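Fold and contact review
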Amino acid sequence: MGDETSIADERALVAPRPNFDVLRPGRAVPALPRQGERLAARPGTGRRLASAIQALPSVAARSFAAEQEYGNTFLFVPVFMAAGVLFYFALPHEPGFAPLALGAIFLVSLGMAAQSRPAARTAILAGLMVMTGMLAAKVETWRAGTQMIGSEITTRLTARVIRIEDQASGRIRLTLDLISTERPALRHAPQRIRITARSAPDEIEPGSIVKGVARLMPSSGPLRPDSYDFSFKSYFSGIGAIGFFLTNPELVVSAEPSTFGQKAGAWIEGRRSDMAKRINAQVGGTEGAIAAALITGIRAGIPEEINEALRIVGLYHVISISGLHMALVAGTLMLGLRGAFALAPSFSARHPVKKYAAFLALLASAFYLTVSGADIAAQRSFLMLAVMLVAVMFDRAALTMRNLAISAIVIILIAPHEVVGPSFQMSFAATAALVAAYAAWTDFRARRPKRSRPPRRSLAGAALHSGAKYAVGMSMTSVVAGLATALFTAWHFQQVSPLGLVANLAAMPFVSVMVMPMAVIAVLLMPLGLDGPPLYVMGQGIGAMNGVALWLAERSAFDATGAIPLAAVLVLTTALAILTMSGSALRWAAMPLMAAGIFLLWQRELPAVLVSEDAGLVAMRLADGRVAVNRDRPRAFTLQNWLRALDAGETAPPAKIREGEPDETASLAEEEAGFTCGEGLCLARHASGAVIVHASGEELAAAVCSRASLIVIDDATAENPCADARILVLTRRDLARNGSVEIHLRPANDGGMPRLFVRQAISEPYRPWHEHRRFSREARGLAPYQRRESRAD
């Protein structure tokens, strides 16, 4: 009897499930068995549970066979490729081409030899997909090869204008291709730079040649370990330096002829810039800046207040051109074309007008991609939409997991570095969750008994019913997408949007009905000079969205989550992939993974101390939830990032010692205290008993070696002045080479010096996007450069 029951339970666990790739209504789908409930309802539960546990290997094998039968194994191809990309970028050193190529060849040989063993062959193919992702990332890294400046320097440069962006502060941001430098001439000059200027000549346009004195500097590393790496982004964007003009740039005439590619790029950028200026002039204000961003992709003019409000309430995805905008553009055009074709019924009856509309929508989306600047996020969204529209043209279902997988594979092969970014992760997580939820809803409706005839409703009742259906649909879409992306929002930005559902319900009707459709109409009418009315309606919709964002942002209870562990992110991401892509009992494997991920989140430990890579800022988390800092005016961007990571809302500024007062840094209290700063020296005591010191020089640091646990010396020429090896000393040179630092503190078991656990943002040997760090003056242990004064005759 026990054997028969276990076999029945095993068969129930692998009950056939339809492929999620087929999402057409009317396909009956059997419900997943509730195995736990059935076991609990019968006598002898313990014996049967033991039998079920013994049967798990065969259950897994049959579930995997069911996945293969449905064709769902293809859906995991981009998952394993993305895992390979992540593994490549996480390596502590740069791998060579030869080991990766040999590994791929070896796996191919193993796969050919394992033809008769399906399970082994599948595992080998999974490894091959991982290796393929690593090879794609390696090829992109080699292809990028961005020359990045190693240290800050002032030079006179001549460059070609690539892009012009007006910022909300009134400054102008220019993307330039360097032609030459002088006084001094840079031996390893970057090819492309991005710098700002107070103003620029009115005649400046993409393709112009400018000249001026500029201060150039390299992109910084992560603000803390595991956070956003600006130098990584710059390397793969081709930006070798950032900075600002010390004098306003001047237009010059260059004898060097422009290539065809440069002329074409300048023409496109010129048209984008003209469109952005026209839209700004027509709409005006903040609404005009957002309207220009939605159409041209130029977001520099949006005030930071609006950006922050949109982030807090979960509406910032409206600003970044993504799948939402591509879908609305294509959907608006397809709807308009289908309506136009309906006016000619004889033509529509003889021709596949749906395919015509899909083709024209594809062309419109390609035009929108070009006009919006072809940012990598927009390219990803266009590829996803293109796959779906091509599927419509070939009479295939558009919104399927298979199409999503194809889009992901193409993007991973073209731009592997996007896999580590928030845009890729959030976009595909939300889309996969929505497709899976739609499949589940379709299955539920197919199993539900159908009514003989729909109820008759009055006009008002029908309108109310339609509005309720729209609200419920929007709510469920927001809930599903919000839950799927919350993990990545917390990982990348250390914040969530508690009022995201309310904000999307209130604002998205304006975006879907007023903003994006009017944007399409405005672009179509712009050559005729008739874009004023649609731009006005678009501005009103944007104003309503801004009002919702600002009102809800002021009432948002919380949004910071604190830093979450990488292990939890990886485990929960694996669970999400299995849950959304599996069509058999294999999805139950996501449950223990979700439990493990939640446990890791619950067990997280926030860092006690953070140190910036320039050695100028130290932050310590206090027991009352505040963060003590050693500077009165810390850099706002860094501090805000740290506050979110430490799950803190307020800072505790340092207590200053005035002249004539007793030196409080000489004797700290035994209890926890924030920073107390004297001349060149700041001290603080952590709850663990550790004394944290920030010193401006080696001599001041040496004076506190007897009681300090951590000393940060803001001097690249300094050496470790402490003989006690238990004291952690970080000089400016150490931080310049290895980036920012986070430290965990624990009291010593024997009551002695607290134990320090240190994590650095950057390790050596350097990866290509960090190679430039070794050339800075600080990394070489040199003092800041000082210009020699000219001698008077």
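First things first, this report covers the structure right here in the doc. Please read all numbers here as calculations on a predicted model, not as lab measurements.

A word on the overall build of the chain. Across its full length, the chain carries 25 helices and 18 strands. The buried share of the chain, taken over its 793 residues, is 45%. Considering only residue pairs separated by 6 or more positions, the chain has 67% of its internal contacts joining residues 24 or more positions apart. In the form shown here, the chain has an accessible surface area of approximately 39700 Å², with 60% of it arising from carbon and sulfur atoms.

The next thing to look at is the pattern of salt bridges. Summed over all chains, the structure comprises 25 salt bridges. As a salt-bridge pair, Glu605 and Arg746 come within 2.7 Å of each other at their nearest N and O atoms. Of this pair, Glu605 sits in the loop between helix H22 (590-602) and strand E7 (609-611) while Arg746 sits in strand E17 (residues 741-746), and the two are 141 residues apart along the sequence. Overall, the relative accessible area of 29% leaves Arg746 in the partly exposed class. Three or more residues are tied together by salt bridges with common partners; here these are Glu94, Lys138 and Arg767.

Turning our eyes to something else, we now look at the packing of aromatic side chains. Any two aromatic rings considered together are summarised by their centre-to-centre distance and by the angle between their planes. For the structure shown, the criterion picks out 16 aromatic pairs. Ring geometry for Phe89 versus Phe232: centroids 5.2 Å apart, planes at 85 degrees, classification edge-to-face. One end of the pair, Phe89, is in helix H5 (residues 77-90); the other, Phe232, is in helix H8 (residues 230-237), and 143 residues separate them in sequence. Exposure remark for Phe89: the relative accessible area of 12% places this residue in the buried category. Classification of Phe232 by relative accessible area gives buried; the value is 12%. Relative to Phe230, the ring of Tyr228 has its centre 5.1 Å away and its plane inclined at 70 degrees; by these criteria the two rings are edge-to-face. Aromatic rings pair up to connect Tyr88, Phe89, Phe232, Tyr235, Phe236 and Trp769 into one cluster. Stacked on the ring of Phe97, the Lys or Arg Lys138 has its end atom at 5.2 Å from the ring centre. For the cation-ring pair, Arg311 lies above Tyr316, with the distance from its terminal atom to the ring centre recorded as 4.8 Å.

Along the chain, Thr638 turns up in helix H23 (residues 636-645). Apart from residues lying up to four places away in sequence, Thr638 is in contact with Leu223 and Leu617.

To continue, consider the packing of helix H21 (residues 566-581) against H22. One can describe the packing of H21 onto H22 by two numbers: an axis separation of 8 Å at closest approach and a directional angle of 155 degrees. Taken together, the axes of H21 and H22 are roughly antiparallel relative to one another. For the crossing formed where H21 meets H22, the hand is left-handed. Across the interface between the two elements, Ala567, Ala568, Val571, Leu572, Thr574, Ala575, Ile578 and Leu579 of H21 pack against Ala590, Met591, Leu593, Met594, Ala596, Gly597, Ile598, Leu600 and Leu601 of H22.

Core analysis: the largest hydrophobic core is formed by 62 residues, its most contacted members being Ile290, Val313, Leu315, Met538, Ile542 and Met545. Those elements that place two or more of their residues in this core are helix H9 (260-283), helix H10 (285-296), helix H11 (304-312), helix H12 (323-342), helix H14 (353-371), helix H15 (376-393), helix H19 (500-525) and helix H20 (532-554). Ranked by the residues each element gives to this core, the list is headed by H19, at 10 residues. With residues near it in sequence (within four places) discarded, Ile290 still touches Ile302, Ile306, Ile319, Ile542, Met545 and Asn546. With 38 residues, the next largest nonpolar core counts Ala104, Ile124, Met134 and Phe236 among its residues.

A surface patch of positive charge is lined by Arg445, Arg448, Arg457 and Lys469. Turning to its location among the elements, Arg448 is positioned in the loop between helix H17 (422-447) and helix H18 (459-493). Given the relative accessible area of 41%, Arg448 is considered partly exposed.

Our focus in this paragraph is the state of the cysteines. Considering all chains together, one arrives at two disulfides under this definition. Across the disulfide from Cys677 sits Cys682; the S-S distance is 2.0 Å. Judged by the sign of its S-S torsion, about 115 degrees, the cystine formed by Cys677 and Cys682 is right-handed. Classification of Cys677 as buried rests on a relative accessible area of 1%. Bridging Cys705 to Cys722, the disulfide has an S-S length of 1.9 Å. Handedness of the Cys705-Cys722 disulfide follows from its S-S torsion of about -75 degrees: it is left-handed. Of this pair, Cys705 sits in the loop between helix H24 (698-702) and strand E15 (710-713) while Cys722 sits in the loop between E15 and strand E16 (728-731), placing them 17 residues apart in sequence. With its bonded cysteines labelled in order along the sequence, the chain shows the pairing 1-2, 3-4.

Attention shifts here to the environment of Ile279. Examined against the element boundaries, Ile279 turns out to sit in helix H9. Along the sequence, Ile279 and Thr296 sit 17 residues apart, while their C-alpha atoms lie 9.5 Å from each other. Once you skip the residues sitting within four places of it in the chain, Ile279 turns out to touch Gly284, Gly288, Ala291, Ala292, Ile295, Thr296, Met526 and Leu535.

In a regular helix each residue adds 1.5 Å, so 24 residues correspond to 34 Å; H9 covers 35 Å between its end C-alpha atoms and thus fits that length. Burial in H9 covers these residues: Ala266, Glu269, Gly270, Arg272, Ser273, Met275, Ala276 and Ile279. Buried-residue contacts for H9 involve strand E1 (153-166), H10, H14, H19 and H20.

So, on to the packing of helix H6 (residues 97-113) against helix H7 (residues 118-144). Any two packed helices are characterised by the angle at which their axes cross and by the distance between the axes. One can describe the packing of H6 onto H7 by two numbers: an axis separation of 9 Å at closest approach and a directional angle of 155 degrees. Between H6 and H7, the angle is such that the two are roughly antiparallel. Crossing handedness for the pair H6 and H7: left-handed. Across the interface between the two elements, Phe97, Leu100, Ala101, Gly103, Ala104, Leu107, Val108, Leu110 and Gly111 of H6 pack against Arg121, Ile124, Gly127, Leu128, Met131, Met134, Leu135, Lys138, Val139 and Trp142 of H7. When the residues that make up the contact of H6 with H7 are grouped by side-chain class, the tally is 14 nonpolar, three polar and two charged.

The rules we used
- Residues numbered from 1 in each chain as written.
- Predicted model: local features only at pLDDT ≥ 70, side-chain atom pairs only at ≥ 80, totals over all residues.
- Heavy atoms only, no water.
- Helix = DSSP H or I, 4+ residues; strand = E, 2+ residues; numbered from the N terminus.
- Buried < 20%, exposed > 50% of the residue type's maximum accessible area, 1.4 Å probe, protein only.
- Contact = heavy atoms within 4.5 Å.
- Areas by Shrake-Rupley, 256 points an atom, 1.4 Å probe, with all protein chains shown as cover.
- Salt bridge = Lys/Arg side-chain N within 4 Å of Asp/Glu carboxyl O.
- Phe/Tyr/Trp six-rings, centres within 6.5 Å; stacked < 30°, edge-to-face > 60°.
- Lys NZ or Arg CZ within 6 Å of the ring centre and 35° of its normal.
- Axes fitted to C-alpha atoms, helices over the stretch in contact; angles between N-to-C directions.
- Parallel < 35°, antiparallel > 145°, perpendicular 65-115°, else oblique.
- Left-handed = near helix turned anticlockwise from the far one by under 90°.
- Core = buried A, V, L, I, M, F, W, Y, C linked by side-chain atoms within 4.5 Å.
- Patch = residues over 30% accessible without salt bridge, like charges linked within 9 Å, V, L, I, M, F, W, Y side chains within 5 Å.
- Lys, Arg positive; Asp, Glu negative; His and termini not counted.
- Charge placed at Lys NZ, Arg CZ, Asp CG, Glu CD.
- Disulfide = S-S within 2.5 Å.
- Expected span 1.5 Å × (residues − 1).
- Nonpolar A, V, L, I, M, F, W, Y, C, P; charged D, E, K, R; others polar.

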